[in-house]
Amino acid sequence: MSVIIKICASLVALEFFFIMYLETFATTSEWTAKVFGMERDELRRPSVSLLFKNQGVYNGVLAVLVLVAVFAFASKTAVIALMISIIAVSAYGAVTTNPKILPMQCGLAAVTLVTCFLLQ
């Protein structure tokens with residue numbers, strides 16, 4: 001797997017670790033409110049906080065899977081599958097919640113996917 005693919009995929013993992021941080025550890029922060037376009041009072045609601053924390057764990061696991069695909073298995077096929085999954089979920093989120101999700105969560109994954117097809 002090319003070094004460029006490894007770098008791109010690692011950046012995707014870092015992005016999803018950052019999302020996990022916002023959703024799981026900084027759930028009610030001003031930063032989280034700004035990123036997700038929500039009021040802090042809404043983020044403080046127990047049901048919203050619980051949903052955010054749960055979603056954050058999923059994002060963290062996704063980041064770990066990307067790193068495992070890149071560094072433990074060195075599998076371009078696994079990286080491609082994960083990038084397609086990220087793009088699909090981002091597209092769904094853009095359609096059902098906020099169109100800003102698409103460029104924010106899909107951008108690096110799309111670059112990584114294209115890079116996978118262009119480089120050996």
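Looking now at the packing of helix H4 (residues 46-72) against helix H5 (residues 76-96). Helix-helix packing is characterised by the crossing angle of the two axes and by the distance between the axes. The geometry of H4 relative to H5 is characterised by a closest axis approach of 9 Å and an angle of 155 degrees between their N-to-C directions. The angle between H4 and H5 falls in the class roughly antiparallel. The crossing of H4 and H5 is left-handed. Contacts from Leu62, Leu65, Val66, Ala69 and Val70 of H4 reach H5 at Ala78, Val79, Leu82, Met83 and Ile86.

Another point: the side chain of Ser90. Following the sequence through the fold, Ser90 ends up in helix H5. Residue classification places Ser90 among the buried residues on the basis of a relative accessible area of 0%. From its side chain, Ser90 meets the backbone oxygen of Ile86 in a polar contact 2.8 Å long. If near-sequence neighbours (up to four positions away) are discounted, Ser90 is found in contact with Ile101, Leu102, Gln105 and Cys106.

Right, let's get into the environment of Ile7. Mapped onto the secondary structure, Ile7 falls in helix H1 (residues 3-25). Between the C-alpha atom of Ile7 and that of Val70, which follows or precedes it by 63 residues, the distance is 9.4 Å.

On to the environment of Glu39, then. In this structure, Glu39 sits in the loop between helix H2 (30-36) and helix H3 (40-44). Sequence separation between Glu39 and Val64 is 25 residues, and the spatial gap between their C-alpha atoms is 30 Å.

Another aspect to go through is the nonpolar core. If you look at soluble globular proteins, the nonpolar side chains tend to sit buried side by side. Membership of the largest hydrophobic core comes to 18 residues, with the highest contact counts inside it found for Phe16, Val66, Val79, Met83 and Ile86. Broken down by secondary-structure element, the contributors of at least two residues to this core are H1, H4, H5 and helix H6 (101-118). Here the element with the most residues in this core is H1; it accounts for six residues. Here Ile86 is in contact with Val12, Phe16, Leu62, Val66, Gln105 and Ala109, once residues within four sequence places are set aside.

Its identity as a non-glycine residue notwithstanding, Ala74 has a phi of 45 degrees, on the positive side. Mapped onto the fold, Ala74 is located in the loop between H4 and H5.

All right, on to a nonpolar patch on the surface then. Where nonpolar side chains cluster on the molecular surface, the patch consists of Val3, Ile7, Leu11, Leu14 and Leu108 and spans about 450 Å² of accessible area. With four residues, H1 is the largest single contributor of residues to the nonpolar patch. If you trace the backbone, Leu11 turns up in helix H1.

Criteria and thresholds
- Residues numbered from 1 in each chain as written.
- Predicted model: local features only at pLDDT ≥ 70, side-chain atom pairs only at ≥ 80, totals over all residues.
- Heavy atoms only, no water.
- Axes fitted to C-alpha atoms, helices over the stretch in contact; angles between N-to-C directions.
- Helix = DSSP H or I, 4+ residues; strand = E, 2+ residues; numbered from the N terminus.
- Parallel < 35°, antiparallel > 145°, perpendicular 65-115°, else oblique.
- Left-handed = near helix turned anticlockwise from the far one by under 90°.
- Contact = heavy atoms within 4.5 Å.
- Buried < 20%, exposed > 50% of the residue type's maximum accessible area, 1.4 Å probe, protein only.
- Polar contact = N/O pair within 3.5 Å; in protein donor to acceptor, adjacent residues only side chain to side chain.
- Core = buried A, V, L, I, M, F, W, Y, C linked by side-chain atoms within 4.5 Å.
- Patch = residues over 30% accessible without salt bridge, like charges linked within 9 Å, V, L, I, M, F, W, Y side chains within 5 Å.
- Areas by Shrake-Rupley, 256 points an atom, 1.4 Å probe, with all protein chains shown as cover.
- Salt bridge = Lys/Arg side-chain N within 4 Å of Asp/Glu carboxyl O.

Note that every value here comes from positions in space, so none of it alone points to a role or purpose.
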